[in-house]
Amino acid sequence: MHFYLSFIRRFIINSSELEKLVNYYHEKKLAHAYLLSTNNISKCLEILLNVIKNIFCQEEYSSNCNKCSLCHLIDLNNLPSLKIINPDGNFIKKEQILELQHFFSKDSQYTEESIYIIKNAEKMNKEAANTMLKFLEEPTGKVIGFFLTNDKDNVMLTIKSRTQVIEVLFNNEENEKYDIDMDTYHKYLEIINNYLQKLEIEKKELILYNRVYLSDLEKEDIKKIFQIILDIYNDELSSRYKINDSFLKLDYLHKLSVDNLQKKINLLIEFLKELTYNVNTDLLLDKFVIEMDGINNDL
Ligand SMILES: [Zn+2]
């Protein structure tokens, strides 16, 4: 049962909005500029770069494409039509934006559009934001911009009002410390498989299954189990956007619509949060299965 090893995406919890940009691009619905509001800029950047690769890949894109030179150049941060701007000291300065504009004044030779990414957009001072404004209002060519911030409230309004905002949230640091080792996987593999099947296929007497499978376990173990279950749903969701291949390929998950998948993922996240603070685990579990059942499975 080695397929449970696909949990590198464990910490990504709400990236699907970002991943939808791949479709928007091909449907020609992509906006000129996005503000990505996130609690983890480096992880958000990582996903964004995958999205960009997915859009421009010269081959049939799959995660970690190593077939095409374009994805390779992005990996090396060496693609001329992609510029990432970091704060210079405490600020992003006007000169950095001017340089970017100069660079993008010609059409890109490498990708259909040029792309810039501004990390910590809240660190743009007024002059930089005003310079940026000219760029946003009269783009000199085909340019797509991404402003990343973990402090949306402090992003200049001039930028905020001209970008589409996407929230990209990740599990908090505490959850990241989860290190689910292989022993844990193996120990709970059967419980997880059974529980998931009951949850998605044999939906009768769900509350009973909570008692059968989970009641005797310590809270910490229940947490781990649901963390893995969340991974499984996330894994399926990201496969829909070709961000990675689903390792599990569970039929009953594959039949779920993207919307329902996302709803279930949100429920799981909520449940895991509540589990941390709530004493009555049984009650929480029962509430969880009832809410899961309330989401149409469009089978
Ligand atoms: Zn590629």
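Per chain, the residues get numbers from 1 upward, laid out in the order the sequence is written. Reporting in this predicted model follows two pLDDT cut-offs: at least 70 for local features of residues, and 80 or more for side-chain atom pairs to be given and counted; totals over whole chains, interfaces and linings ignore these cut-offs and use all residues. In computing side-chain properties, one takes all heavy atoms of the structure into account and sets aside hydrogens as well as water.

In this structure, what is going on with the overall build of the chain? I would like to understand it.
Secondary structure assignment for the chain yields 14 helices and five strands. Burial status across the chain gives 53% buried among its 299 residues. Accessibility throughout is a Shrake-Rupley quantity obtained with a 1.4 Å probe, and a residue counts as covered only by protein chains that appear here. Looking at the chain as shown, the accessible area adds up to about 15,200 Å², and 49% of this sits on carbon and sulfur atoms. For the purposes of this entry, the term helix denotes a DSSP run of H or I that reaches at least four residues, the term strand denotes a run of E that reaches at least two, and both are numbered from the N terminus. Only protein chains enter the accessibility calculation, which uses a 1.4 Å probe. A residue is then buried if its area is under 20% of the maximum for its type, exposed if over 50%, and partly exposed in between.

I keep staring at the coordination of the zinc ion and nothing clicks. Help me out?
Four donors placed tetrahedrally about a metal ideally form angles of 109.5 degrees, and six donors placed octahedrally ideally form angles of 90 or 180 degrees. Around the zinc ion, the protein contributes the donor atoms Cys57 (SG), Cys65 (SG), Cys68 (SG) and Cys71 (SG), at 2.3 Å from the metal centre. Water is not among the atoms examined, so metal sites may look incomplete; donors are the N, O and S atoms within 2.8 Å of the metal, or within 3.2 Å for Na, K and Ca. Under the classification used here, a metal with four donors is tetrahedral if each angle lies between 85 and 135 degrees, square planar if opposite donors are over 155 degrees apart and the others between 65 and 115, a six-donor metal meeting that same test is octahedral, and anything else is irregular. Geometry at the zinc ion is tetrahedral, judged from the four donor atoms that bind it and their angles of 99 to 114° at the metal. Each donor residue of the zinc ion lies on one chain, and together they are spaced C-x7-C-x2-C-x2-C. The exposure classification of Cys57 matches that of Cys65, with both residues buried.

Before we go on, may I ask you to explain the packing of aromatic side chains in this structure?
Note on aromatic pairs: each is described by the distance of the centres and the angle between the planes. Stacked, edge-to-face and tilted labels apply to pairs of Phe, Tyr and Trp rings (six-membered ring for Trp) whose centres lie within 6.5 Å, assigned for plane angles under 30 degrees, over 60, and everything in between, in that order. Within the structure shown, the criterion is met by 11 aromatic pairs. On the basis of an interplanar angle of 25° and a centroid distance of 5.4 Å, the ring pair of Tyr116 and Phe135 is categorised as stacked. Taken as a pair, Tyr116 in strand E3 (residues 114-118) and Phe135 in helix H6 (residues 126-137) lie far apart in primary sequence, 19 residues in all. The residues Tyr116 and Phe135 share a single accessibility class, namely buried. Between Tyr209 and Tyr213, the ring centres sit 6.2 Å apart and the planes meet at 40°, which makes this aromatic pair tilted. In this pair, Tyr209 and Tyr213 both sit in helix H10 (residues 206-214), four residues apart, roughly one turn of the helix. Residues Tyr209 and Tyr213 agree in their burial class; the two are buried. Taken together, Tyr195, Tyr209, Tyr213, Phe226, Phe271 and Phe288 form an aromatic cluster joined through their ring pairs. Note that Lys83 overlies the ring of Phe103, its terminal NZ or CZ placed 4.1 Å from the centroid. Charges are assigned to positions over rings by a cutoff of 6 Å between ring centre and Lys NZ or Arg CZ, combined with an angular limit of 35 degrees from the ring normal.

Mind showing me how you'd approach H6 here?
Given 3.6 residues per helical turn, the α-helix brings residues three or four places apart onto the same face. Any helix carries an expected span of 1.5 Å times its number of residues minus one. For H6, built from 12 residues, the straight-helix expectation of 16 Å at 1.5 Å per residue is met to within 8% by its first-to-last C-alpha distance of 16 Å. Taken together, the buried positions of H6 are Ala128, Ala129, Thr131, Met132, Leu133, Phe135 and Leu136. Contact definition: two residues touch when any of their heavy atoms are within 4.5 Å. Buried residues along H6 sit in contact with strand E1 (33-38), helix H5 (94-103), E3, strand E4 (143-149) and helix H7 (157-160).

Would you take a moment to explain the pairing of E1 for this structure?
In summary, the side chains of a regular strand alternate between the two faces of the sheet. Burial analysis of E1 places six of its six residues in the buried class, which makes it a mostly covered element. Side-chain alternation along E1 places Ala33, Leu35 and Ser37 on one buried face and Tyr34, Leu36 and Thr38 on a second face that is also buried. Two strands pair if DSSP finds at least two bridges between them. Taken together, the five bridges between E1 and E4 define a ladder with parallel strand orientation. In the sheet register, Leu35 faces E4, and the bridge partner there is Phe147. Bridge count for E1 against strand E5 (residues 164-168) is five bridges, and the pairing is parallel. When the sheet's bridge partners are listed, Leu35 is paired in E5 with Val165.

Please clarify how helix H3 (residues 41-56) should be interpreted in this entry.
Helix length check: H3 (16 residues) gives 22 Å between terminal C-alpha atoms against 22 Å at 1.5 Å per residue, within 8%. In terms of burial, H3 is a largely internal element, 14 of the 16 residues being buried.

Would you explain the sheet that holds E3 in this entry?
Strands sit in the order E2-E3-E4-E1-E5 across an open sheet of five strands; the sheet is parallel. Where the open sheet ends on each side, the last strands, each with one partner, are strand E2 (82-85) and E5. Each adjacent strand pair in this sheet contributes to an overall mean axis angle of 20°, direction not counted. Looking at chain direction, E2 and E3 are connected through four bridges and run parallel. Looking across to E3, one finds that Ile85 is bridged to Ile118. Sitting on the sheet, H5 is in contact with E2 and E3, with an inclination near 180° to E2. Fitting a line to C-alpha atoms yields each axis, with helices limited to the stretch in contact; the angle taken between N-to-C directions then spans 0 to 180 degrees. Against the sheet, H6 touches E1, E3 and E4, its axis set at about 150° to E3.

Help me understand the pattern of salt bridges, please; the structure alone is not making it clear to me.
Oppositely charged side chains are able to pair whenever their charged atoms sit close together. Any Lys or Arg side-chain nitrogen located within 4 Å of an Asp or Glu carboxyl oxygen qualifies as a salt bridge. Per the counting criterion, the structure on display carries 12 salt bridges. The closest approach of N and O atoms between Glu27 and Lys29, which form a salt bridge, is 3.1 Å. For Glu27, a relative accessible area of 44% puts it in the partly exposed group. Among the residues examined, Lys29 registers a relative accessible area of 54% and is labelled exposed. Asp75 serves as the salt-bridge partner of Lys53, at 2.7 Å between the closest nitrogen and oxygen. With Lys53 in helix H3 and Asp75 in helix H4 (residues 69-75), this residue pair connects regions lying 22 residues apart in the sequence. On the basis of relative accessible area, Asp75 is assigned to the partly exposed category, the value being 48%.

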